[in-house]
Amino acid sequence: MKLGIVGLPNVGKSTLFNSITKAGAESANYPFCTIEPNVGVVAVPDERLEKLTEMYNSAKTTPAVIEFVDIAGLVKGASKGEGLGNQFLANIREVDAIVHVVRCFEDPNVIHVDGSVDPIRDIETINIELIFSDLEVLERRIAKTVRGARNDKTLAKELDLQERIKAHLEAGKLAKTFVTDDEDELAWLKEYNLLTYKPVIFAANVSEDDIADDGAGNEYVQKVREYAKDFDAEVFALCAQIEQELAELEDDEKMAFLEELGAKESGLDKLIKASYSLLGLISYLTSGPDETRAWTITKGTKAPQAAGKIHTDFERGFIKAEVVAYKDLMECGSMVAAKEKGLVRQEGKEYVVEDGDVILFKFNV
């Protein structure tokens, strides 16, 4: 999973990026990997992996990972070349979802780029830049489609769609609010990889005082939550400053610090949950003496396609899946005991994998 972090200057975006990438790396003992200065890979904390590693005495533990891209230089006019201009846009074309950090705290020492705190104005400023960028993409596509549309019915249909989306964007609307029930059109719309079509998670950056109730008493956060309802977006509150402090602590110290603040979980944990929920993702697990590992798949994936995540040969030569629920395996204490109680199932090609399934795939190529 790849997430792009966006936000105006001085909203806490880079503080959040620096802290969650460090915290994520340390909490799961996963080596922090910087692909570029603004890209970090974070392990998804999952206590199930630790317990399975102990049970199977696995030589290696491999968690699921999330790649974060910190988008620098995003200011009003970025699409016209202000700040770093369109450079930032290329970085988020390929992300699965956009994490939009929004300032929801007052602090006279941290100057807001527009002079006052107004999260909805900030969101709309960034949306306009994304819309401009999408319009550029569409205009190039229209120029290309127009050439063949005269003699090709399919291209003529696609051109009609492109022009309707363009008008929709020019009206200041996001691509995700464009409505069509036509399967061809939906496939094309997805293929265009428009920034305003991507799922969004709003990270409301609040002060330390608003952490305990997840921003429930913060009027700015409430405005963001109301706004997000129209776009099926996830919203969570965090304090980037606290996340920075948490990143310096060991796991047990982290828990004590969060309890002191009255918070149940860190911002990173909230972000991971929001990402999985928004994108409809789950994890299944494989375990043995060599390795215990989490595999991220889309909810509703059938066994052969889930096996294909490990290797294409597993999907091609799929015979069956030996499945036990993680909870049942832990309660029984071993795979042998789970089998004796009839809790290990043999599943075929139509089986839909559930979150927390511990699976051994049988295949023949």
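Scroll up to find the structure this text is about.
Our subject in this report is the structure included herewith. (Residues numbered from 1 in each chain as written. Predicted model: local features only at pLDDT ≥ 70, side-chain atom pairs only at ≥ 80, totals over all residues. Heavy atoms only, no water.)

So, the packing of helix α4 (residues 119-149) against helix α7 (residues 219-229)
Between two packed helices, what matters for the description is the angle formed by their axes and the separation of those axes. Filter applied, for reference: Axis lines are fitted through C-alpha atoms, for helices just across the contact stretch, and the angle between N-to-C directions can take any value from 0 to 180 degrees. The secondary structure listing takes helices from DSSP runs of H or I that are at least 4 residues long and strands from runs of E that are at least 2 residues long, numbered from the N terminus. Roughly parallel here means an angle under 35 degrees, roughly antiparallel means over 145, roughly perpendicular means 65 to 115, and every remaining angle is called oblique. Working rule for contacts: check all heavy atoms of both residues, and any pair within 4.5 Å makes them a contact. Classification convention: Asp, Glu, Lys, Arg as charged; Ala, Val, Leu, Ile, Met, Phe, Trp, Tyr, Cys, Pro as nonpolar; all other residues, Gly among them, as polar.
At a minimum axis distance of 9 Å, the contact between α4 and α7 shows a crossing angle of 45 degrees. One way to sum up the angle between α4 and α7 is to call them oblique. Where α4 abuts α7, its residues Pro119, Ile120, Ile123, Glu124 and Asn127 lie against Tyr220, Lys223, Val224 and Tyr227. Here the contact of α4 with α7 is composed, by residue class, of six nonpolar, one polar and two charged.

Some details on α7
Because each turn of an α-helix spans 3.6 residues, side chains separated by three or four positions in sequence point in the same direction. We count it as follows: To sort residues, take the accessible area from a 1.4 Å probe on protein chains only and compare it with the maximum for the residue type: under 20% means buried, over 50% means exposed, and anything in between is partly exposed. This arc is built from the directions going out from the helix axis to the C-beta atoms.
Looking only at α7, the buried set comprises Tyr220, Val221, Val224, Tyr227 and Ala228. Down the axis of α7, the sector holding all buried residues measures 120 degrees, keeping them to one side. For α7, the exposed residues lying more than 90 degrees away from the buried face are Glu219 and Lys229. Where α7 is buried, its residues contact β6 (97-103), α4, β7 (200-205) and β8 (234-238).

Thoughts on the side chain of serine 19
Here is the rule: Pairs of N or O atoms within 3.5 Å make up the polar contacts considered here, provided that, within protein, one atom can donate a hydrogen while the other can accept it, and that residues adjacent in sequence are counted only when both atoms are side-chain atoms.
Positionally, serine 19 belongs in helix α1 (residues 13-27). Among the polar contacts made by the side chain of serine 19, one reaches the main-chain carbonyl oxygen of threonine 15 at a distance of 2.9 Å. Within polar-contact distance, the side chain of serine 19 engages the backbone oxygen of leucine 16 at 3.0 Å. Ignoring anything within four residues of it in the chain, the contact list for serine 19 reads Ala240, Glu243, Gln244 and Ala247.

Some thoughts on unusual backbone geometry
Most peptide bonds take the trans configuration, and most residues that are not glycine carry a negative phi. Even without a glycine there, the phi angle at asparagine 57 is positive, about 50 degrees. Tracing the backbone through its elements, the reader meets asparagine 57 in the loop between α2 (47-56) and β4 (60-62). Looking at asparagine 57, the relative accessible area reads 65%, which means it is exposed. Although it is not a glycine, asparagine 193 sits at a positive phi angle of roughly 60 degrees. Mapping asparagine 193 onto the fold places it in the loop between α6 (183-191) and β7. On the accessibility criterion, asparagine 193 (22% relative accessible area) is partly exposed.

Remarks on the packing of aromatic side chains
Formally: Aromatic rings from Phe, Tyr and Trp, with only the six-membered ring used for Trp, were paired whenever their centres fell within 6.5 Å, and each pair was classed as stacked if the ring planes differed by under 30 degrees, edge-to-face if by over 60, and tilted otherwise.
Inspection of every chain in the model, using the stated rule, returns six aromatic pairs. The interplanar angle of 75 degrees and the centroid separation of 6.1 Å between the aromatic rings of phenylalanine 202 and tyrosine 227 together place this pair among those described as edge-to-face. Linking phenylalanine 202 in strand β7 with tyrosine 227 in helix α7, this pair joins segments that are 25 residues apart in sequence. Classification of tyrosine 227 by relative accessible area gives buried; the value is 14%. Seen in terms of ring centroids, tyrosine 284 and tryptophan 295 are 6.5 Å apart; in terms of plane orientation they differ by 20 degrees. Their pairing is stacked. Linking tyrosine 284 in strand β9 (residues 281-287) with tryptophan 295 in strand β10 (residues 291-298), this pair joins segments that are 11 residues apart in sequence.

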